[in-house]
Every structure is written in structure tokens, then in C-alpha cells.
Amino acid sequence: MNLAHHLLRAAKADASAPALLKGLIPVANYGRLATTVASLAASLQQRFGLAKGARVALLMKNVPDYVACLYGCWHAGLVAVPINAKLHPREVAFILDNSGAAVVFVTSDMASVASEALALGTAKPQVVEIGSAEHRDLEKTDGIAIADVAITDPAWIFYTSGTTGRPKGAVLSHRNLLAMSMNYLAEINPVVSGEALLHAAPMSHGSGLYMVPHVLGMGAQIIPESGRFEPDEILELTAKRDGISFFAAPTMVRRLTVAAEASGATAPGLKAIIYGGGPMYVADCKAALAVFGPKLVQIYGQGETPMTITYLPKSMHIDAGHPRHEERLASVGIAQGVVQVRTVDEAGRDVAPDEVGEIIVRGDTVMSGYWQNPEATANTLRDGWLYTGDMGAFDADGFLTLKDRSKDVIISGGTNIYPREVEEVLLRHEAVAEVSVIGRPHPEWGEEVVAVVVPVAGRAVTREELDQMCNAWIARFKRPKHYYLTGELPKNSYGKIVKTELRTLLGESSARLTRMD
Ligand code: AMP
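The structure displayed is predicted, hence computed values, not measured ones.

Re the sheet that holds strand β24 (residues 432–442)
Now for step 1: Pairing is mixed across the open sheet formed by four strands, whose spatial order is β24-β25-β26-β27. Each edge of the open sheet is held by one strand with a lone partner, namely β24 and β27 (514–516). Across the sheet, the mean angle from the axis of one strand to that of its neighbour is 30°, orientation sign disregarded.
Now for step 2: In terms of strand pairing, β24 meets strand β25 (residues 446–455) through ten bridges, oriented antiparallel. Counterpart to Gly439 in the pairing with β25 is Val449.
Now for step 3: In this fold helix α18 (residues 499–507) packs onto β24, β25 and β26 (482–485), with an angle of close to 65° to the strand it touches most, β24.

If you want it as C-alpha cells, here you go:
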């Protein structure tokens, strides 16, 4: 079973149904999209000589061509490697090398990042610039039949920032994405022809994953004219077109609510906002419900079991008469139907209701492992269970509340930032003796990145120098927003930095910390 069959099925059933739009302007119907995809697949096989299982990277911002590139890979039996367009060229170079991508599709605004990445890495994939004469020529080759792949064959390698500072590629099979999609259609958001998924968040992540159920449901994909999340643009689109759903990080929901409150917009064409990827404040959730009505669905998932661990359906967002309504709004809901979810102690035993344990997941959405990383795979997949690294507690009704993250990850604007990655970069500065990077609560972004630095005795270090170090090595969104100096970091008896204490010191604006400005 190949996911590309969904697209062909839609094209056969209703070739004229809208498949792709840029804003409100139609770009392609299903007939045209399926033809383009079959041609692109032929070119990938014949002109580039790619055999089944070869990797093709997508270093692309949100554009309508994303859909054809992704399905073109699948149609040809290839594995897509979507790359976050916000990453630093060094991080892109790592992913290109690690995945062994033979071809990379690049939007013109990412061309300089691609050439820097190619200069830094060892892999030398062929670059195809979206919209170039070469690219359009690839779409003119005679189409081929859909490649025969096993349902367990890889379809998408989803790179997550690793705790060790090295991204890890979660290998997602056709079955994983099919199970995710079936569950989406059954529980999260049923889709019918004519409805649309708006790509307001990066298509390399959650928004792009949800392309699959929307093609399965024969709905359309809308790429905003701006190519990104612009609250006023979304409010305008949802005033003019019905049946629009989109995936959003909690911070986006908040920004959209604020924009709607300011303009008086009510987004009548909005069908669902599926939010997740980071914690949502209950107050923000209620404010969004007050403005948009019962359109919110929460999901909790991670790249390793894409979008599929638990969910809080629309009905439970508005069940205000329920005695535990507030707790439920603060939770991530109940297990999604295709997976089994448990909370366990360090020995892997189930913990009692209301007790905190590590969240583990089993089911058809769970990845087969990390790409060429048996050690990380063995750590994360144990006895058929995915160890998420998230800590949480189930209540007696089966509602899960996240408590902490054992992996220490900072979630800012719905994006994961691993402190260790930032710490390693800051430690490259010769005047930095020690550093600890933590997340501090932020009303808009959820958390912001803060670094606390111990300088080498007798040496001075400036904020500009530290910023420069980050700019040279990591994506801009990972750079600390604030730096503090201290003589000594709080440590436990084993010498391990106690981040909880550091967070308290920061919260109290302790005299032990001096802000660098
Ligand atoms: P990623 O693999 O980049 O999708 O990040 C997944 C991580 O984001 C999870 O392991 C959680 O820590 C966090 N996360 C995802 N969904 C939610 C949610 N609804 N509420 C709170 N945190 C979430």
C-alpha cells in the first residue's frame, strides 16, 4: 500500500475537485495534480536514476508545489525528507548527510541556505529549484504507474532536534501515516470534498503531515498568499471561504484570538483549529472558544508517533457543565483510538491514576526507529513501546495531563529547543566556563530561551559575542532571548546542575544573577 493511491483515487473519482489553492485562487484540481505527480515521479526515477527507498529532501517554505513534491516521492517509491526551513545551514547539512538524500527540492528563498549547507556537508545531492525551467520540465515527462511498496516501507523521515544536539530522523512508514490519517478522519476532524486544510504552520511538520488525511478525504490544500501564519490573512480567508481547518501551535491560536478580538472578526468559515505541539493555557483556550465557538480540537503527539497520542475533542472543550471541565481543558485529553497509552515508573510498571509516570505509546502510528541510529532507537523503543520522554498523569477517567518533560526540552512557539544543543554552542566561546540553558514561561511563546553563563575567571564576555556564536552554529529561533551572568550554577551533590533551582532564581530575579544587556 502506497499513500500515493489516495491522490490517484481522488483524481479518478472527481478530477475537477479543487486540490490546491493559493489563498482563494485555485492552482490545481485533483486531475491536474495527479498528472503532475505521476510525471515528477517518472523524472525522479528516470532522469535522476533513483531506485525504491532512495531519499529526496524538501528544503521548502510553504508553497503549493510542496504537495506535488511529497506525493511525487511516494508515487515513485521514494522516501521524503522534509526539512524545517528555519534551520541553520549546518543543521541542514547534517540532515542531508545523515539521510543520504540524492535530490533536494529547494524553494528560491532557501537557495542560499541550500548552497551553504552543501558547502558544509559531504553529501552532494542534486538540487532542483522550485519553479525553475528544470523543475517545470521534470513535470512534463510521461507519467508512470504508482510504485509498489510494502505498507511498512518508509515514506517520511521526520527529523527532530536530538537531546544530544544531533537531529534524529524518525522513520515513518506508509502504515504509520495511514493510521494517523484514519484516526484523524475518525476522531479529530472528518473531511469531505470541498473542505480545505490551510497550511498556516510549516509543511515540514504537523501541517504537512495533515496533508495526508485531507487528500484521503478528497479535500483541498490552501497555502496562504503570505506562505506563513498571518492572523489577519487567516481571518480574511475564513470570512470568505467555508470548511477551513488548520493545525496551529498554541501561540498561534492566541495570536489569532487577539487579532479577532481587535477586528471583531468571527471566522465563520472556520471548521476546526487542531492545536498542539506545546502546552496551551486554559485562559487562552477559553478566549479562543469565546471568539470562534466550538472549533477547537487539541492533539498531543510527537514526531515518533506523528500527531497521535491523545486528543481533546471539540465536544469536551465546551462541556462547561462537567464537574471536571477545568481539569479536562488543562489536560491533553484521552488516548487516540489507534494507540494504547500508559504511564509507567522507571521499572516500566504502570503507575496509579493521578501519579506521574513516563508516557509510553504502542500502536500503528509508532515509528520503526531512528534513521541509522540503533542506539537512540534502542533507548526510545523498548518491548514494542515508544518511550516519549514526556511525564504525565492519567486521572481515573483516562484524561492525561502533562507534568514535565524528562528530556528537558524547551517549547517556544510550539517548536522544540533542546537546551544541550544551545549550551554546546555557547561553550565554544573561550570566555564561557559553564552555562545552563532553560525555558522561562512567556505569555505569548509559552516559553522563552534563557542562558545563564559562568564566565572564565578574569574574562569578560558580551551578549553580542554570544549571539554571534549562536548565529554561526544554530537556527535563530534557538538563540537565547536573554543572558544572565553568575559566579556559580546551583548543583546537586553529584555536581549536576539543578535546573529547577535555576528557574526559581530566575523567577525571583535573584541577586545571584546579573542580566547582560
Ligand atoms: P515534536 O516531535 O516536534 O512534534 O514535539 C513533540 C513534543 O511536543 C511532545 O513530546 C510534547 O513534549 C510536546 N507536545 C506535543 N503536543 C502537546 C500538547 N498538546 N500539549 C503539551 N505539549 C505537547
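Next comes the rest of the description.
A closer look at the nonpolar core
Now for step 1: Among the nonpolar cores identified, the biggest contains 118 residues, and Trp74, Phe105 and Phe292 are the most heavily contacted of them.
Now for step 2: Counting 45 residues, the second-largest nonpolar core is a separate cluster that includes Ala57, Val79, Ala114 and Tyr159.

Remarks on the packing of helix α1 (residues 4–13) against helix α2 (residues 30–46)
Now for step 1: The contact between α1 and α2 brings their axes to 8 Å, and the two run at 140°. Taken together, the axes of α1 and α2 lie oblique to each other. Between α1 and α2 lies a crossing of left-handed hand. For the pair α1 and α2, the contacting residues are Leu7, Ala10 and Ala11 in the first and Tyr30, Gly31, Leu33, Ala34 and Val37 in the second.
Now for step 2: The residue inventory of the contact of α1 with α2, partitioned by class, reads seven nonpolar, one polar and no charged.

Quick word on the sheet that holds strand β11 (residues 244–248)
Now for step 1: Taken together, the nine strands give an open sheet; going across it, the order is β2-β1-β10-β9-β11-β12-β13-β14-β15, and neighbouring strands pair in mixed fashion. The outermost strands of the open sheet, each flanked by one partner alone, are β2 (25–29) and β15 (334–335).
Now for step 2: Bridging between strand β12 (residues 270–275) and strand β13 (residues 296–302) involves three bridges; their strand directions are parallel. Its bridge partner being in β13, Ile274 is matched across the sheet by Val297.

Observations concerning the site of the ligand
Now for step 1: Taken together, 17 residues are adjacent to the ligand, and Gln298, Ile299, Gln302, Gly303 and Asp390 come closest.
Now for step 2: Between a nitrogen atom of the ligand and a main-chain N or O atom of Gly277, the distance comes to 3.0 Å.
Now for step 3: Ile299 has a polar backbone atom sitting 2.9 Å from a nitrogen atom of the ligand.
Now for step 4: For the ligand, whose free accessible area comes to 500 Å², the fraction covered by protein is 88%.

Quick word on the domain arrangement of the protein
Now for step 1: Taken domain by domain, the protein consists of domain 1 (1–16 + 29–149) and domain 2 (411–516).
Now for step 2: Between the C-alpha centres of domain 1 and domain 2 there is a distance of 38 Å.
Now for step 3: Taken together, the contact pairs six residues of domain 1 with eight residues of domain 2.
Now for step 4: Both sides of the domain 1 and domain 2 interface together cover about 570 Å² of buried area, and 49% of this is carbon and sulfur.
Now for step 5: For the domain 1 face of the interface with domain 2, the top three residues by lost area are His88, Arg90 and Glu91, together amounting to 68%.
Now for step 6: The interface formed by domain 1 and domain 2 includes one salt bridge.
Now for step 7: Linking domain 1 with domain 2 are six residue pairs in polar contact (both at pLDDT 80 or more).
Now for step 8: Residues belonging to the side of domain 1 that touches domain 2 are distributed by class as follows: one nonpolar, two polar and three charged.

A short note on empty space enclosed by the protein
Here the idea is plain: a probe the size of a water molecule rolls over the atoms and shows the empty space left.
Now for step 1: Summed over the entire model, instances satisfying the criterion amount to two cavities of 30 Å³ or more.
Now for step 2: Lining the largest cavity are 15 residues, with Pro250, Thr251, Pro279, Trp445 and Gly446 sitting closest to its centre.
Now for step 3: With three residues, helix α11 (residues 250–263) is the single largest residue contributor to the lining of the largest cavity.
Now for step 4: Contributing to the lining of the second largest cavity are Ala4, Leu7, Leu8, Ala34, Val37, Ala38, His75 and Ile146.
Now for step 5: Those elements that provide at least two residues to the lining of the second largest cavity are α1 and α2.

Comments concerning the environment of Val127
Now for step 1: If you trace the backbone, Val127 turns up in strand β6 (residues 126–129).
Now for step 2: The class for Val127 is partly exposed, based on a relative accessible area of 36%.
Now for step 3: Each C-alpha atom of the pair Val127 and Ala114 lies 8.3 Å from the other, and the pair is 13 residues apart in sequence.
Now for step 4: Beyond its immediate sequence surroundings of up to four residues, Val127 is in contact with Val104, Val106, Leu118 and Glu134.

Let's talk about α11
Now for step 1: The terminal C-alpha atoms of α11 lie 20 Å apart, and with 14 residues this matches the ideal 20 Å at 1.5 Å per residue to within 8%.
Now for step 2: Along α11, the positions that sit buried rather than exposed are Pro250, Thr251, Met252, Val253, Leu256, Thr257, Ala259 and Ala260.
Now for step 3: Packing partners of the buried residues in α11 comprise α10 (231–240), β11, β12, α12 (282–292) and β25.
Now for step 4: Downstream of α11 by one or two residues, Gly264 has phi in the positive range, about 80°.

Criteria and thresholds
- Residues numbered from 1 in each chain as written.
- Predicted model: local features only at pLDDT ≥ 70, side-chain atom pairs only at ≥ 80, totals over all residues.
- Heavy atoms only, no water.
- Pairing = 2+ DSSP bridges.
- Helix = DSSP H or I, 4+ residues; strand = E, 2+ residues; numbered from the N terminus.
- Axes fitted to C-alpha atoms, helices over the stretch in contact; angles between N-to-C directions.
- Contact = heavy atoms within 4.5 Å.
- Core = buried A, V, L, I, M, F, W, Y, C linked by side-chain atoms within 4.5 Å.
- Buried < 20%, exposed > 50% of the residue type's maximum accessible area, 1.4 Å probe, protein only.
- Parallel < 35°, antiparallel > 145°, perpendicular 65-115°, else oblique.
- Left-handed = near helix turned anticlockwise from the far one by under 90°.
- Nonpolar A, V, L, I, M, F, W, Y, C, P; charged D, E, K, R; others polar.
- Near = heavy atom within 4 Å.
- Polar contact = N/O pair within 3.5 Å; in protein donor to acceptor, adjacent residues only side chain to side chain.
- Areas by Shrake-Rupley, 256 points an atom, 1.4 Å probe, with all protein chains shown as cover.
- Domains from an automatic or database assignment.
- Buried area = accessible area lost by both parts, 1.4 Å probe.
- Salt bridge = Lys/Arg side-chain N within 4 Å of Asp/Glu carboxyl O.
- 1 Å grid on protein atoms, 1.4 Å probe; cavity = no way out; pocket = protein on both sides within 12 Å on 5 of 7 lines; lining within 4 Å.
- Points joined across faces, edges and corners; volume = space filled by probe spheres on them.
- Expected span 1.5 Å × (residues − 1).

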